[in-house]
Amino acid sequence: MKIFVIGAGAWGTAIAMSAAGSAGQHSVKLWARDAAQAAQMQAERANTRYLKGGSFPASLEVVSGDVAPHVEDADMIVLGTPMAALREWLVRLSEVKVPVVWLCKGFEAVAAGAPEGAVGLMAHEVCRQVAPDLRSGVLSGPSFADEVARQQPTALVAASAHADVSELLVTAFHSEAMRVYANGDIVGVEVGGAVKNVLAIATGLCDGLQLGLNARAALITRGLAEMTRLGMALGARAETFMGLSGLGDLVLTATGDLSRNRKVGLLLAKGMTLEEAVRSLGHVAEGVYSARTVLARARLLGVEMPITETVVGLLNGELAVGDAVQTLMTRDPRGE
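The model shown is predicted, which means the values in this text are computed figures rather than measured ones. Each chain carries its own residue numbering, running from 1 in the written order of its sequence. Only residues with pLDDT of 70 or above have their local features reported here, since the model is predicted, and side-chain atom pairs are shown and tallied only from 80 upward, although totals for entire chains, interfaces and linings are computed over all residues. Remark: hydrogens and water are excluded; side-chain values derive from all non-hydrogen atoms of the structure.

Undergrad: Please provide a residue-by-residue account of the packing of helix α8 (residues 186–208) against helix α11 (residues 260–269), values included.
TA: Axis definition: a line fitted to C-alpha atoms, limited for helices to the stretch in contact. Angles are taken between N-to-C directions and run from 0 to 180 degrees. Per the convention used, a helix needs a DSSP run of H or I reaching at least four residues, while a strand needs a run of E reaching at least two, with both numbered from the N terminus. Where α8 meets α11, the closest approach of the two axes is 6 Å, and the angle between their N-to-C directions is 40 degrees. Here α8 and α11 pass one another in a crossing that is right-handed. Residues Asn197, Ala200, Ile201, Gly204, Leu205, Asp207 and Gly208 of α8 form the contact with α11, whose participating residues are Asn261, Arg262, Val264, Gly265, Leu266 and Ala269. Gly falls in the polar group here, along with every residue not listed as nonpolar (Ala, Val, Leu, Ile, Met, Phe, Trp, Tyr, Cys, Pro) or charged (Asp, Glu, Lys, Arg). For the contact of α8 with α11, the per-class residue count stands at 6 nonpolar, 5 polar and 2 charged. Each helix crossing is assigned a hand: it is left-handed if the near helix lies turned anticlockwise from the far helix by less than a right angle, otherwise right-handed if that turn is clockwise. Contact criterion: two residues are considered in contact whenever any of their non-hydrogen atoms come within 4.5 Å of each other.

Right, here's the structure in full:
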């Protein structure tokens, strides 16, 4: 296959490396917005700016500039951009005939000046709004880019409303180092990918305050319940949240030392401001940007999400670190 990956951040690069390497030696082009960065990566055969290890396979080419010639030549286009850039790229690619899939996880932030009551959309909802004729999907699941780039064992889920797109994603990325499972529940997969980032901030806060492993287990378990409630209210299947994009991604992001969202919680627990914590990362932590939209969507549906609500209060400066924990622990008891 000829695969064109747009976005040379950590995850876009790692996926491009996986597809060009052990995943069947596909011909892969990785597009970088910055021409100088593209030239450096092509010369060094690595992305030293965003990835710690791994050299580029021979069949991976780094390009920049006009995307049109590469789009026309591709069998599949992969968007490795943050959620904030997804809408723009889907508009640009709305007439494309080959499958377009995305890697981002989150809910779209509500634009300034939006009508009252407007809520953030999931990626597939954005696509349905601006590019309804695209054959599209998402590649998601528990995965740190550094480990994928080093070809360490990983399992992902390919979700789409189009069965042929899910199967094509399996063909493109399934390999000895990466297992890819097809899933028709794109709503559940995207809810899991969005909400786990918010919950990881809470778990990082818990760990940073040294509240113990009992507290961490409670947060993860009750967080999974929140995620499932929201997903089912949006039309997802409950069993999706027991899989890779639900429980799997939540456990990884909430406990893994490579998790940027967890690190935000850890840094807040140390007394950093939100701005200082985000600046220190050097990467996007999607949970910071999607927490408010996740909560707004839940409130619109009448879904209780107390952990998410506490995280939003913390991010908004309405709760101090110690008060955030107290808020969760003093909720009225109820049946599980």
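Undergrad: An account of the sheet that holds strand β2 (residues 27–31) is requested, with residue identities and associated values reported.
TA: Here, strands pair whenever DSSP counts at least two bridges between them. Within the open sheet, the 8 strands sit side by side as β3-β2-β1-β4-β5-β6-β7-β8. Their pairing is mixed. The open sheet has two edge strands with one neighbour each: β3 (60–63) and β8 (178–183). Strand-to-strand twist of the sheet, defined as the mean angle between neighbouring strand axes without regard to direction, takes the value 25 degrees. As paired elements, strand β7 (residues 154–159) and β8 share 6 bridges and run parallel to each other. Its bridge partner lying in β8, threonine 154 is registered against methionine 178. Helix α1 (residues 10–20) rests against β1 (2–6), β2, β3, β6 (136–140), β7 and β8 of the sheet, and its axis sits at about 165 degrees to β2.

Undergrad: If you had to explain the pattern of salt bridges to someone new, which residues and values would you point to?
TA: Where charged atoms of side chains with opposite charge meet at close range, the side chains can pair. In what follows, salt bridge is the name for a side-chain nitrogen of Lys or Arg lying within 4 Å of a carboxyl oxygen of Asp or Glu. Applying the stated criterion across every chain yields a total of 11 salt bridges. The closest approach of N and O atoms between glutamate 108 and arginine 87, which form a salt bridge, is 2.8 Å. Of this pair, glutamate 108 sits in the loop between β5 (100–102) and α5 (123–130) while arginine 87 sits in helix α4 (residues 83–92); the two residues are 21 residues apart in sequence, bridging distant segments of the chain. Judged by its relative accessible area of 15%, glutamate 108 is buried. Only protein chains enter the area calculation, which uses a 1.4 Å probe; residues under 20% of their type maximum are buried, those over 50% are exposed, and those in between are partly exposed.

Undergrad: Break down the environment of glycine 54 for me, with residues and values.
TA: Structurally, glycine 54 can be placed in the loop between α2 (35–44) and β3. According to the relative accessible area criterion, glycine 54 is partly exposed, its value standing at 37%. Those residues in contact with glycine 54 that lie beyond four places of it in its chain are Met17, Ala46 and Ala149.

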